[in-house]
Amino acid sequence: MTNTSSSSGTSTPEIHVRDLHKSFGDNDVLRGIDLEIGQGEVVCVIGPSGSGKSTLLRCVNLLEEPTQGQVFVGGTEVTHPDVDIDAVRRRIGMVFQQFNLFPHLSVTENLTLPQRRVLKRGKEEAAEVAAENLERVGLSEKADAYPSSLSGGQQQRVAIARALAMGPEVMLFDEPTSALDPELVGDVLAVMRRLAHEGMTMMVVTHEMSFAREVADRVVFMDGGVIVEDGAPAQVIGNPSHERTRHFLSRLL
Ligand code: ADP
Ligand code: MG
């Protein structure tokens, strides 16, 4: 959802990808991506498997080094050779298909550990921030539980809370509900919907078309390492102008 400081004004985009290329050997995975995401904007990225969606997200937070092109986050060029990669990553929360919680730590400890290690927060402050963010994802009562006692949907909500506890400017989601049993998907999407309404800038790779229709300000359709279509959900999902988009959407039904 676009908030009051939306992309429509003259403000710097929160995420700006410019002529981004990424190759693995002779596999040209990203072949010139240009994308701007305004503050508070929610962009869903859709497209077939292997089209480069994860690689694009991973280039935004420098889990992959682009072969060519630039990425700016909050006006800072994160692809600049002199950039402090750790400082950049602190500004970007990432949620993966696999939740990657520490199994030997309680839910609260999963949230406090990165705050203490990376942000050097003290014990009390980290615990306070952990509690706030567990409440945000509706899991206050699981603070002392261990990940193995939680459902997949609850574990994913803990992973979201863990990312939020770091105070990110933007959140990247890579198929956050793809590993979940269908009945657990809704709770995770509800948390993401709330975040969107709070004005978080979000880039979401997903196959959940109803989420994209409802929550996204824009939908980007990728195929073969390029953006084929970028527009309002009603346009890209409801009335796509490209045959490749229509073909992709028809296979989801
Ligand atoms: P998507 O998320 O759209 O399914 P990916 O970005 O994961 O697509 O992958 C796009 C292509 O990049 C695939 O052909 C995949 O094999 C390749 N690829 C992704 N990551 C790597 C890597 N670390 N090393 C080599 N090839 C990779
Ligand atoms: Mg992927």
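About the cut-offs
- Residues numbered from 1 in each chain as written.
- Chains lettered and ligands numbered in written order.
- Predicted model: local features only at pLDDT ≥ 70, side-chain atom pairs only at ≥ 80, totals over all residues.
- Heavy atoms only, no water.
- Phe/Tyr/Trp six-rings, centres within 6.5 Å; stacked < 30°, edge-to-face > 60°.
- Helix = DSSP H or I, 4+ residues; strand = E, 2+ residues; numbered from the N terminus.
- Buried < 20%, exposed > 50% of the residue type's maximum accessible area, 1.4 Å probe, protein only.
- Pairing = 2+ DSSP bridges.
- Core = buried A, V, L, I, M, F, W, Y, C linked by side-chain atoms within 4.5 Å.
- Contact = heavy atoms within 4.5 Å.
- Salt bridge = Lys/Arg side-chain N within 4 Å of Asp/Glu carboxyl O.
- Axes fitted to C-alpha atoms, helices over the stretch in contact; angles between N-to-C directions.
- pLDDT = per-residue confidence, 0-100.
- Near = heavy atom within 4 Å.
- Polar contact = N/O pair within 3.5 Å; in protein donor to acceptor, adjacent residues only side chain to side chain.
- Areas by Shrake-Rupley, 256 points an atom, 1.4 Å probe, with all protein chains shown as cover.
- Nonpolar A, V, L, I, M, F, W, Y, C, P; charged D, E, K, R; others polar.

## Looking at the packing of aromatic side chains
Note on aromatic pairs: each is described by the distance of the centres and the angle between the planes.
Here's step 1: The tally for this structure, following the rule as stated, stands at one aromatic pair.
Here's step 2: Pairing phenylalanine 221 with phenylalanine 248 gives two aromatic rings, centres 5.3 Å apart and planes at 35°, and the pair type is tilted. Here the residue phenylalanine 221 occupies a position in strand E9 (residues 218-223), and phenylalanine 248 occupies one in helix H9 (residues 243-252), the gap between them amounting to 27 residues.
Here's step 3: Its relative accessible area of 5% is what places phenylalanine 248 among the buried residues.

## With respect to the pairing of strand E10 (residues 226-231)
Here's step 1: Taken together, the five bridges between E9 and E10 define a ladder with antiparallel strand orientation. Each bridged residue has a counterpart across the sheet, and for valine 220 the counterpart in E10 is aspartate 230.
Here's step 2: Taking the residues between adjacent antiparallel strands as the criterion, E9 and E10 are bridged by two residues, where glycine 224 takes a positive phi near 60°.

## A short note on the nonpolar core
Here's step 1: Core analysis: the biggest nonpolar cluster contains 48 residues, and Ile160, Met171, Phe173, Met192, Leu195, Met202 and Val219 have the highest contact counts within it.
Here's step 2: A per-element tally of this core places helix H6 (residues 182-197) first, with eight residues.
Here's step 3: Those residues within four positions of phenylalanine 173 in sequence are excluded, and the remaining contacts are Leu57, Val95, Ile160, Met192, Leu195, Met202, Met203, Val204 and Val205.
Here's step 4: By size, the runner-up hydrophobic cluster in this structure holds 27 residues, among which are Cys59, Val60, Val71 and Val88.

## Here's the deal with the pattern of salt bridges
Here's step 1: One pass over the structure, following the stated rule, counts 10 salt bridges.
Here's step 2: Here arginine 218 and glutamate 41 are joined by a salt bridge, their closest N and O atoms 3.2 Å apart. On the criterion of sequence distance, the pair formed by arginine 218 in strand E9 and glutamate 41 in the loop between strand E2 (27-37) and strand E3 (42-46) is long-range, its members being 177 residues apart. Residues arginine 218 and glutamate 41 agree in their burial class; the two are buried.
Here's step 3: A cluster of three or more residues bridged by salt bridges with shared partners is formed by Glu41, Arg218 and Asp230.

## Here's the deal with the sheet that holds E9
Here's step 1: One open sheet holds the six strands; their spatial order is E6-E7-E8-E3-E9-E10, and the pairing between them is mixed. Looking at which strands have only one partner, the edges of the open sheet turn out to be strand E6 (92-95) and E10. Adjacent strand axes in the sheet meet at a mean angle of 15° when their direction is disregarded.
Here's step 2: Note: E3 against E9, four bridges, orientation parallel.

## Things to note about the confidence of the model for the protein chain
Here's step 1: For the protein chain, per-residue confidence averages 94 on the pLDDT scale, and 96% of positions sit at 70 or higher.
Here's step 2: Predicted confidence is poor over residues 1-8, with pLDDT under 50, and the contacts of this stretch with residues over four places away or in other chains come to 21 contacts.
Here's step 3: This prediction of the complex comes with two scores: 0.94 for pTM and 0.98 for ipTM.

## Notes on the site of ligand 1
Here's step 1: Inspection of the region around ligand 1 gives Phe24, Asn27, Val29, Pro48, Ser49, Gly50, Ser51, Gly52, Lys53, Ser54, Thr55 and Glu64 as its neighbouring residues.
Here's step 2: One nitrogen or oxygen atom from the main chain of serine 51 is found 3.2 Å from an oxygen atom belonging to ligand 1.
Here's step 3: For ligand 1, an oxygen atom lies 2.9 Å from a polar atom in the side chain of serine 54.
Here's step 4: Protein burial of ligand 1: of its 560 Å² of free accessible surface, 59% is covered by the chains.
Here's step 5: Elements supplying a minimum of two residues to the shell around ligand 1: E2 and helix H1 (53-60).
Here's step 6: Examining the composition of the shell around ligand 1, we find that three residues originate from one element, H1, more than from any other.
Here's step 7: Class assignment for the residues of the shell around ligand 1 results in three nonpolar, seven polar and two charged.

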